[in-house]
Amino acid sequence: MKIKRDFLLDPSLVLYLPLWKLDGAKFRSEDAYGHLATVSGASWILQGRDFDGVNDGINCGSPVSLDITKAITVAAWVKFDIVSGTDKYIAGKITPWSQGYLLSFFVPDAPSFRIVTTAGAGHPTPTAGLIAVGDWHFLVGTYDSYTGENAIWVDGQKAGTRQTSGTLVVSTNSFFIGQHPGGSNLVDGSIGEVFVYNRALTPLEIQSNYLATKWRYQG
């Protein structure tokens, strides 16, 4: 049974890209902002976009609504074909390691949510071995400057956390999917959906989003 996708009504959802339904070389995000996204490679498949790990990526520009400072959630459905080599940049607005935020795969074996705050750069210590190559996973990164918690979640469960402080430092780069803004650290695999909120979702909300969307990536 499919669960209603109530997250679409959340006013804090500042970027939503259901890549499984957005075909073409350019398209608009399906949130209240309608951000323009430009595709390089990343061919369309039934469950999203396939990234070849060579030069594929999606550029969502640098709108003010993604210049988030106080609290944030970045989430994506991802299936990796290869996780060796360099770290894989899934989605974020980052100037390593002086500005921004990034949902990534931290080589050799764990996802992470890297952030740069006014207190410095860092990421949670993730639990290894939760990502299986060839399987879809729902990865979520959160940061809340009010509590200081920076966390990474895998398939609805918290997989790593750390305490920090400060507000996020705004990156001057565009928001990229599947690669570093300079064209490196490329994802070899598929990305189905990408979400960005300008607040930290609660554990219950993360679990609810996972359950509402996972049907598309099963089987």
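Residues numbered from 1 in each chain as written. Predicted model: local features only at pLDDT ≥ 70, side-chain atom pairs only at ≥ 80, totals over all residues. Heavy atoms only, no water.

What is the right way to read the packing of aromatic side chains from this model?
How two aromatic rings sit relative to each other is given by the distance of their centres and the angle of their planes. As enumerated under the stated definition, the model contains ten aromatic pairs in all. Arranged with centres 5.0 Å apart and planes meeting at 40°, the rings of Tyr-16 and Phe-195 form a pair that is tilted. Of this pair, Tyr-16 sits in strand S1 (residues 13-18) while Phe-195 sits in strand S17 (residues 188-197); the two residues are 179 residues apart in sequence, bridging distant segments of the chain. Here Trp-77 and Tyr-210 contribute two aromatic rings whose centre-to-centre distance is 5.8 Å and whose plane-to-plane angle is 20°, an arrangement assigned as stacked. One end of the pair, Trp-77, is in strand S7 (residues 71-82); the other, Tyr-210, is in helix H1 (residues 203-213), and 133 residues separate them in sequence. Tyr-210 matches Trp-77 in its accessibility class, with the two residues each being buried. Three or more aromatic residues link up through ring pairs in this structure, and these residues are Tyr-16, Trp-77, Trp-136, Phe-138, Phe-195, Tyr-210 and Tyr-217. We note Arg-216 situated over the ring of Trp-20; from NZ or CZ to the ring centre the distance is 3.4 Å. (Phe/Tyr/Trp six-rings, centres within 6.5 Å; stacked < 30°, edge-to-face > 60°. Helix = DSSP H or I, 4+ residues; strand = E, 2+ residues; numbered from the N terminus. Buried < 20%, exposed > 50% of the residue type's maximum accessible area, 1.4 Å probe, protein only. Lys NZ or Arg CZ within 6 Å of the ring centre and 35° of its normal.)

Sorry if this is basic, but what is going on with the nonpolar core here?
Side chains that are nonpolar tend, in soluble globular proteins, to be buried together. Ile-90, Phe-175 and Ile-177 are the most contacted members of the largest nonpolar core, which has 40 residues in total. Examining the composition of this core, we find that five residues originate from one element, S7, more than from any other. The next biggest cluster of nonpolar side chains, apart from the first, holds 17 residues, and it includes Leu-13, Trp-20, Tyr-197 and Leu-201. (Core = buried A, V, L, I, M, F, W, Y, C linked by side-chain atoms within 4.5 Å.)

Please explain the side chain of Asp-31 as it appears in this structure.
Here Asp-31 lies in the loop between strand S2 (26-28) and strand S3 (36-40). Buried charged residue Asp-31 carries no salt bridge. Nearest counter-charge: Arg-28, at 9.0 Å. A distance of 2.7 Å separates a polar atom in the side chain of Asp-31 from a polar atom in the side chain of Ser-29. Separated by 3.1 Å, the side chain of Asp-31 and the backbone nitrogen of Gly-34 make a polar contact. Not counting residues up to four positions away in its chain, the partners in contact with Asp-31 are Leu-13, Val-14, Leu-15 and Tyr-16. (Lys, Arg positive; Asp, Glu negative; His and termini not counted. Salt bridge = Lys/Arg side-chain N within 4 Å of Asp/Glu carboxyl O. Polar contact = N/O pair within 3.5 Å; in protein donor to acceptor, adjacent residues only side chain to side chain. Contact = heavy atoms within 4.5 Å.)

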